[in-house]
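# Observations on the three-dimensional arrangement
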Amino acid sequence: MELNELDTNKNIETAAWQALENSILYYRGRPVGTVAAYDASVEALNYDQCFIRDFVSSALLFLIKGRFDIVKNFLEETLKLQPKERALDAYKPGRGLIPASFKVVIVDGEEYLEADFGEHAIARVTPVDSCLWWLILLRAYVIATKDFSLAYQPEFQTGIRLIMDICLANRFDMYPTLLVPDGACMIDRRMGIYGHPLEIQVLFFAALRAARELLVCKGNQDIVNAIDNRLPLLCGHIRQHYWIDINRLNAIYRFKGEEYGKTAVNLFNIYADSLPYYKLDKWLPRTGGYLVGNVGPSQMDTRFFTLGNLMAVISGLSTEEQSEKIMVLIQERWDDLVADMPMKICYPALEGEEYRLVTGCDPKNIPWSYHNAGSWPVLMWMLAAAAIKTKKKYLVEKAIGIALPKVSDDEWPEYYDGKQGRLIGKQARKYQTWTIAGFLLAKELTLHPEYLPLVSFEKLPADLVSQACELELSSVDS
């Protein structure tokens, strides 16, 4: 790399750090998070709020840099916003939820935090992923600071327990996965991901593991036992039923429908003709594979969802072999998934009649835009973590090299449109905080892989997962 290019890159990084600094949200004189976007050229709407999922990227950066106070303040203040009482009113948030976002409001000269649990969001979407990301971040804080005292405080132990209560509650479902409505995660608009979407299941897995490490107080043993029961079942279920590669595709291709009893092979009654075989057969590398987007009764959504697959690698949900195949797929289908702006939120886009039916003709989710296969630079940090974990650091170095000059020149937009990711998103905010943080965090993880344990986990014992798979198969068959 030439000297001028090094100077340019250094200047870009310096400007990015300053932009991140400008985004910090203060409450009663203390830093408590970062606003979603610091774009003064347009109306703020809800981009002046701190979103829980958005802040995770910034928080991990602050932890790496030793700025623990802002993360601690964030965790403490958001915990105070968590409802602690049962609400019988259907329009009030359930006990244990962490809000989607919060903002600072001033009433009679006094500052208060106002939480949004989805009641102000477009389509009133409930943020299922907020409490999961919150737990993952609490664990990261403990690992970074080596200070368990925060998580061991009674109010934090209660908060963790309440999250687990809502995740592990009795339900109208018999899978180990979480049943959620459409739009319950990063994809927060109608995109046909209702049911058991991969992103939520992977975050659920990571949150269970985080809670298992942090729950130590007396009286929590029932929750710990429930986690110990659920974790291997969830892991085995995802590894077995969500996985697709050429061998698995061949097996599904020959599935019979309407099977009953213990001899059933097609456990979810997937109709072979519902899958895009000829597209998949052409697109799947012989040595690659991935976790599909959703599995349920007669449903297998074979779209590739990036966050779910990358976090599966990072969290240890996918096996070492599966993780390797996911990264091979990304490498072999680089032009589809990464292209000119890392990287696509999902692939392929919904088009034509399928787009109209599934999205409700959503003008923001037109094909190859926004959540419908748009490109989101924030995903670079997850690509970095997954690449480092699988010893393929060159992949993220290549991605950063592609993104660095463009994302800076374009003033750090929220997302990009088009098959190649060359167009700044039609409604994208500039100086989007998690775009800035995603780039900086990818750089930090690449330079300092020793920080990977902030978000990664040791693998579950193989015999535990194997037993869970056998137990699941026998229970479903009977």
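Higher on the page you've got the structure.
This section reports on the structure supplied with the text. (Residues numbered from 1 in each chain as written. Predicted model: local features only at pLDDT ≥ 70, side-chain atom pairs only at ≥ 80, totals over all residues. Heavy atoms only, no water.)

## Here's the deal with the overall build of the protein chain
Scanning the protein chain from terminus to terminus reveals 18 helices and 11 strands. Here the C-alpha atoms of the protein chain give a radius of gyration of 22 Å, agreeing with the 23 Å that 2.2 N^0.38 yields for 478 residues. The 478 residues of the protein chain split such that 58% are buried. Partitioning the intrachain contacts of the protein chain with sequence separation of at least 6 by distance along the chain shows that 71% fall at a separation of at least 24. In the form shown here, the protein chain has an accessible surface area of approximately 20900 Å², with 53% of it arising from carbon and sulfur atoms. (Helix = DSSP H or I, 4+ residues; strand = E, 2+ residues; numbered from the N terminus. Rg over C-alpha atoms; globule rule 2.2 N^0.38 Å. Buried < 20%, exposed > 50% of the residue type's maximum accessible area, 1.4 Å probe, protein only. Contact = heavy atoms within 4.5 Å. Areas by Shrake-Rupley, 256 points an atom, 1.4 Å probe, with all protein chains shown as cover.)

## Some remarks on a nonpolar patch on the surface
Together, F148, Y152 and V216 line one region of the surface with nonpolar side chains, adding up to about 260 Å² of accessible area. Summarising the element assignment, V216 is placed in the loop between α7 (198–214) and α8 (221–241). (Patch = residues over 30% accessible without salt bridge, like charges linked within 9 Å, V, L, I, M, F, W, Y side chains within 5 Å. Salt bridge = Lys/Arg side-chain N within 4 Å of Asp/Glu carboxyl O.)

## Some details on the sheet that holds strand β5 (residues 110–116)
Remark on secondary structure: sheet strands pair via backbone hydrogen bonds, oriented parallel or antiparallel. Strand order in the open sheet made by the three strands is β3-β4-β5, with antiparallel pairing throughout. Both outer strands of the open sheet, β3 (50–51) and β5, are each paired with one neighbouring strand and no more. (Pairing = 2+ DSSP bridges.)

## Structural notes on the pairing of β5
As defined by bridge partners, strand β4 (residues 101–107) adjoins β5 across seven bridges and the pair is classed as antiparallel. The residue bridging V107 from the neighbouring strand is E110, located in β5. Linkage of β4 to β5, two consecutive antiparallel strands, is achieved through a turn of two residues, within which D108 is found at a positive phi near 55°.

## Examining the layout of surface pockets
In this structure, the largest pocket encloses a volume near 940 Å³. In terms of lining residues, the largest pocket is bounded by 32 residues, among which P276, T302, R303, P348 and E354 are the most central. Counting residues per element, the ones that place at least two in the lining of the largest pocket are α10 (277–283), β8 (299–305), α13 (334–337) and α14 (352–359). The dominant element in the lining of the largest pocket, judged by the number of residues it contributes, is β8, at six residues. Residues belonging to the lining of the largest pocket are distributed by class as follows: 16 nonpolar, six polar and 10 charged. (1 Å grid on protein atoms, 1.4 Å probe; cavity = no way out; pocket = protein on both sides within 12 Å on 5 of 7 lines; lining within 4 Å. Points joined across faces, edges and corners; volume = space filled by probe spheres on them. Nonpolar A, V, L, I, M, F, W, Y, C, P; charged D, E, K, R; others polar.)

## Here's the deal with the sheet that holds β8
Here we have four strands laid out as an open sheet, ordered β6-β7-β8-β9, and antiparallel in their pairing. With partners counted over all chains shown, the strands left at the sheet margins are β6 (243–245) and β9 (346–347), one partner each. With two bridges connecting them, β8 and β9 associate as antiparallel partners. Across the sheet, the residue bridging to F304 is Y347, located in β9. Of the strands in this sheet, β6, β7 (289–296) and β8 touch α8, which is tilted by about 25° from β6. Strands in contact with helix α12 (residues 320–332) are β6, β7 and β8; relative to β7, the strand with the most contacts, it is inclined by about 105°. (Axes fitted to C-alpha atoms, helices over the stretch in contact; angles between N-to-C directions.)

## Some details on the nonpolar core
Counting 161 residues, the largest nonpolar core has L75, W133, W134, M164, I330 and W381 as the members making the most contacts within it. The element best represented in this core is helix α4 (residues 128–145), accounting for 12 residues. For W133, the contacting residues outside a window of four places in its chain are I52, R53, V56, L203, L307, M311, W381 and M382. (Core = buried A, V, L, I, M, F, W, Y, C linked by side-chain atoms within 4.5 Å.)

## Things to note about the environment of P276
Inspection of the secondary structure assignment puts P276 in the loop between α9 (246–253) and α10. What makes P276 partly exposed here is its relative accessible area of 34%. A C-alpha to C-alpha distance of 46 Å links P276 and L25, two positions 251 residues apart in sequence.

## Examining the environment of Y242
Secondary-structure assignment places Y242 in the loop between α8 and β6. Remark: the alpha-carbon pair of Y242 and N294, spanning 52 residues in sequence, is separated by 7.1 Å. Among all residues touching Y242, those that are not within four sequence positions of it are T177, H196, L198, Q201, H237, Y290, L291, V292, G293, N294 and V295.

## Quick word on helix α16 (residues 393–409)
Helix length check: α16 (17 residues) gives 25 Å between terminal C-alpha atoms against 24 Å at 1.5 Å per residue, within 8%. Within α16, the axis deviates most sharply at A403, by approximately 35°, and proline P405 lies no more than four positions further along. For α16, the complete set of buried residues consists of L395, V396, A399, I400, A403, L404, V407 and S408. Count one or two residues on from α16 and you reach E411, which has phi positive near 65°. (Expected span 1.5 Å × (residues − 1). Bend = angle between axes of the 7 residues up to and from the residue.)

## Examining the pairing of β7
Most of β7 sits inside the fold, with eight of its eight residues counted as buried. For β6 and β7, the ladder comprises three bridges, and the chain directions are antiparallel. Its bridge partner being in β7, W243 is matched across the sheet by L291. The pairing of β7 with β8 spans four bridges and is classified as antiparallel. Along β8, the bridge assignment pairs V292 with F304.

## What about the packing of aromatic side chains?
Here the distance between the centres and the angle between the planes together describe a pair of aromatic rings. Under the definition given, this model contains 16 aromatic pairs. Ring centres 5.8 Å apart and planes at 50° place the aromatic pair Y347 and W368 in the tilted group. Note that Y347 is positioned in strand β9 and W368 in the loop between α14 and α15 (380–389), a separation of 21 residues in sequence. The exposure class of W368 is buried, given its relative accessible area of 9%. (Phe/Tyr/Trp six-rings, centres within 6.5 Å; stacked < 30°, edge-to-face > 60°.)

## A few points about unusual backbone geometry
Leaving glycine aside, a negative phi is the common case for residues, and trans is the common case for peptide bonds. Cis geometry is adopted by the peptide bond preceding M343, which originates at P342 and carries an omega value of -15°. Structurally, the position occupied by M343 is in the loop between α13 and β9. Going from Y347 to P348, the amide bond is cis rather than trans, its omega being -5°. Note that P348 resides in the loop between β9 and α14. Positive phi, normally seen in glycine, also occurs at W368, with a value near 65°.

## Details of the packing of α4 against α7
Relative to each other, α4 and α7 sit at 40°, their axes nearing to 8 Å. Comparing their axes, α7 and α4 come out oblique. By crossing handedness, the relation of α4 to α7 is classed as left-handed. Mapping the contact onto sequence places V128, D129, L132, W133, L135, I136, L138, R139 and V142 in α4 and E199, I200, L203, F204, A206, A207, A210, A211, E213 and L214 in α7. Of the residues that constitute the contact of α4 with α7, the class distribution is 15 nonpolar, no polar and four charged. (Parallel < 35°, antiparallel > 145°, perpendicular 65-115°, else oblique. Left-handed = near helix turned anticlockwise from the far one by under 90°.)

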